[in-house]
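Report on the structure
If you want the building blocks of each chain, they are given just below.
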There are 2 protein chains.
Amino acid sequence: MEISEMSAEECSVFLERATVGRLGCSLENQPYVVPIHFTTDDGYLYVFSTFGQKVKWMRDNPKVCVQSDEIRSESQWVSVIVNGEFEELVEPQYTTERQHASSLLAKRYHWWLNALGERQLKAGDSSIEPLFFRIRIDSMSGLRATDGKNIPFKSS
Amino acid sequence: MEISEMSAEECSVFLERATVGRLGCSLENQPYVVPIHFTTDDGYLYVFSTFGQKVKWMRDNPKVCVQSDEIRSESQWVSVIVNGEFEELVEPQYTTERQHASSLLAKRYHWWLNALGERQLKAGDSSIEPLFFRIRIDSMSGLRATDGKNIPFKSS
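Below, the structure is looked at part by part. (Residues numbered from 1 in each chain as written. Chains lettered and ligands numbered in written order. Predicted model: local features only at pLDDT ≥ 70, side-chain atom pairs only at ≥ 80, totals over all residues. Heavy atoms only, no water.)

**Let's talk about the overall build of chain A**
Summing up its helical and strand segments, chain A has 3 helices and 8 strands in all. Secondary structure elements in chain A, listed N-terminal to C-terminal, are β-α-β-β-β-β-α-β-β-α-β. Expressed as a percentage of contacts within chain A between residues at least 6 apart in sequence, the contacts between residues at least 24 apart total 72%. In the structure as shown, chain A presents an accessible area of about 7800 Å², 48% of it carried by carbon and sulfur atoms. (Helix = DSSP H or I, 4+ residues; strand = E, 2+ residues; numbered from the N terminus. Contact = heavy atoms within 4.5 Å. Areas by Shrake-Rupley, 256 points an atom, 1.4 Å probe, with all protein chains shown as cover.)

Encoded structure:
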């Protein structure tokens, strides 16, 4: 197994095709990691969510890390790590960005918005509202493991 | 899609079958997330690693979070989150625990030890030594999403 570093360009290409990541945030030096769906555009990762621990924590400490990978086998995998900063897309300050996020995410995660809608209907609770945020990418790094069989990843 | 909380027992059963997790650590409130292979036994997650940023950070701040999931589809997934504390299994203080970790991990990750051996040979660098640590599980929580089709996860 060979492990090599990925260029910033390779990391970007990987993130454009990735759908799932793990978001790490921390409060008083206690880390917290949760899976997220995201889409990337022009130096940002866009995410929607409902209110919960991660949003609460990121409001207090906006420093975050997002890790995304594609593990084909023990010796064939890609892992990309993004360091960045949380920005909540609140109205009216971020109306344009919020619409942009909504439109980008709807292209890929229509099912999620539907599920959220169903949950709202069932719970009769309009407080379950989609909340949009983005992560400004400050730095990226990536590692790629290959076993010499040289089968390209779909994301490379 | 229905999302339900998992019991501690269900989280434990899931972790026993899981092979990959994402470890979150943090230093000066900057989170860092990396994929790990682990095995669990009696309230601990056991991991081996080479020395790098995560170990450096965990030596400074032992509070960690490990997230592990099985994503079958957008509406069928399990995600378990462990909060715990890093303990490096150094000699001679932890000789017994180190042997235990080595034996547990070798059962599942023989390929990894082989890859490490090859890297040592190639680099001619004995400083690439396996380093064992464990995470004492302080708390666990889990969510399970089902789409009503009721196909059981292998880990449930």
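**Description of the packing of aromatic side chains**
All names here are of chain A. Taken as a whole, this structure holds 8 aromatic pairs over all chains when the rule is applied. Ring plane angle 45° and centroid distance 6.1 Å describe the contact between Tyr 44 and Tyr 46, whose orientation is recorded as tilted. Residue Tyr 44 shares its accessibility class with Tyr 46, and that shared class is buried. Looking at Arg 134, its charged tip hangs above the ring of Tyr 44, at a distance of 3.9 Å from the centre. (Phe/Tyr/Trp six-rings, centres within 6.5 Å; stacked < 30°, edge-to-face > 60°. Buried < 20%, exposed > 50% of the residue type's maximum accessible area, 1.4 Å probe, protein only. Lys NZ or Arg CZ within 6 Å of the ring centre and 35° of its normal.)

**Overview of helix α2 (residues 53-60) of chain B**
Residue and element names in this part refer to chain B. Burial in α2 covers these residues: Lys 54, Val 55, Trp 57 and Met 58. Take α2 and look down its axis: the buried residues cluster within an arc of 165°, on one side only. The outward face of α2, more than 90 degrees from its buried face, is lined by the exposed residues Lys 56 and Asp 60. (Arc of directions from axis to C-beta.)

**Quick word on unusual backbone geometry**
Going from Glu 91 of chain A to Pro 92 of chain A, the amide bond is cis rather than trans, its omega being -10°. With respect to the helices, strands and loops of the structure, Pro 92 of chain A is situated in the loop between β7 (76-88) and α3 (95-123). One non-glycine residue with positive phi stands out, namely Asn 29 of chain B, at about 65°. Position of Asn 29 of chain B among the secondary structure elements: in the loop between β2 (20-27) and β3 (30-37). The partly exposed category is assigned to Asn 29 of chain B, whose relative accessible area is 24%.

**Observations regarding the relation of the copies chain B and chain A**
Under the fitted operation, chain B is carried onto chain A by 0.0 Å of movement along the axis and a turn of 180°, and the coordinates agree to an RMSD of 0.0 Å. What we have between these two chains is a two-fold relation. Considering only C-alpha atoms, the part of chain B nearest the rotation axis is Asn 29 of chain B, at 2.6 Å. Both copies share a contact surface, since 100% of the interface residues of chain B are interface residues in chain A too. (Least-squares fit on C-alpha atoms with pLDDT ≥ 70 in both.)

**Things to note about the interface of chain B and chain A**
The partner chain A presents 31 residues to the 31 residues of chain B that form the contact. Between chain B and chain A lies a buried interface of about 2600 Å² when both sides are counted; carbon and sulfur atoms form 58% of it. Applying the counting criterion to the chain B and chain A interface returns 13 residue pairs in polar contact (both at pLDDT 80 or more). Of all the secondary-structure elements, those providing two or more residues to the side of chain B that touches chain A are β2, β3, β6 (63-73), β7 (76-88) and α3 (95-123) of chain B. Classifying every residue of the side of chain B that touches chain A gives 15 nonpolar, 8 polar and 8 charged. (Buried area = accessible area lost by both parts, 1.4 Å probe. Polar contact = N/O pair within 3.5 Å; in protein donor to acceptor, adjacent residues only side chain to side chain. Nonpolar A, V, L, I, M, F, W, Y, C, P; charged D, E, K, R; others polar.)

**Notes on the nonpolar core**
Judged by nonpolar contacts, the single largest core of 56 residues is most densely connected at Leu 23 and Phe 133 of chain A together with Leu 23 and Phe 133 of chain B. Beyond its immediate stretch of four places on either side in the chain, Phe 133 of chain B contacts Leu 23, Leu 45, Tyr 46, Val 47, Ser 49, Lys 54, Met 58, Phe 86, Glu 87, Glu 88 and Leu 89 of chain B. (Core = buried A, V, L, I, M, F, W, Y, C linked by side-chain atoms within 4.5 Å.)

**Considering the state of the cysteines**
Within this structure, the stated rule accounts for 0 disulfides over all chains. Cys 11 of chain A forms no disulfide, and the closest cysteine sulfur to it belongs to Cys 65 of chain A, at a distance of 12 Å. In this structure Cys 11 of chain A comes out as buried when scored by relative accessible area, which is 1%. In this model Cys 65 of chain A remains outside any disulfide bridge; the closest cysteine sulfur is found in Cys 25 of chain B, 8.5 Å from its own. Owing to a relative accessible area of 0%, Cys 65 of chain A belongs among the buried residues under this scheme. (Disulfide = S-S within 2.5 Å.)

**With respect to the pattern of salt bridges**
Enumeration according to the criterion identifies 14 salt bridges over all chains in this entry. With its nearest N and O atoms 2.9 Å apart, the salt bridge here joins Asp 138 of chain B to Arg 136 of chain B. Through salt bridges with shared partners, one network takes in Glu 85, Arg 136 and Asp 138 of chain A. (Salt bridge = Lys/Arg side-chain N within 4 Å of Asp/Glu carboxyl O.)

**Points about the pairing of strand β2 (residues 20-27) of chain A**
Side-chain positions along a regular strand alternate between the two faces of the sheet. All names here are of chain A. Counting buried residues in β2 gives 7 out of 8 residues, a clear majority hidden from the surface. Here β2 runs beside strand β3 (residues 30-37); their pairing, made up of 8 bridges, is antiparallel. Bridge assignment links Gly 24 to a residue of β3, and that residue is Val 33. Between β2 and β3, which pair antiparallel one after the other, the connecting turn spans 2 residues, and Glu 28 there sits at a positive phi close to 50°. Here β2 pairs with strand β6 (residues 63-73) via 3 bridges, running antiparallel. (Pairing = 2+ DSSP bridges.)

**A short note on the environment of Val 80 of chain B**
Residue and element names in this part refer to chain B. With respect to the helices and strands, Val 80 occurs in strand β7. Sequence separation between Val 80 and Gly 21 is 59 residues, and the spatial gap between their C-alpha atoms is 9.4 Å. Setting aside chain neighbours within four positions, we find Val 80 in contact with Met 6, Cys 11, Phe 14, Leu 15, Val 66, Gln 67, Ser 68, Ser 141 and Gly 142.

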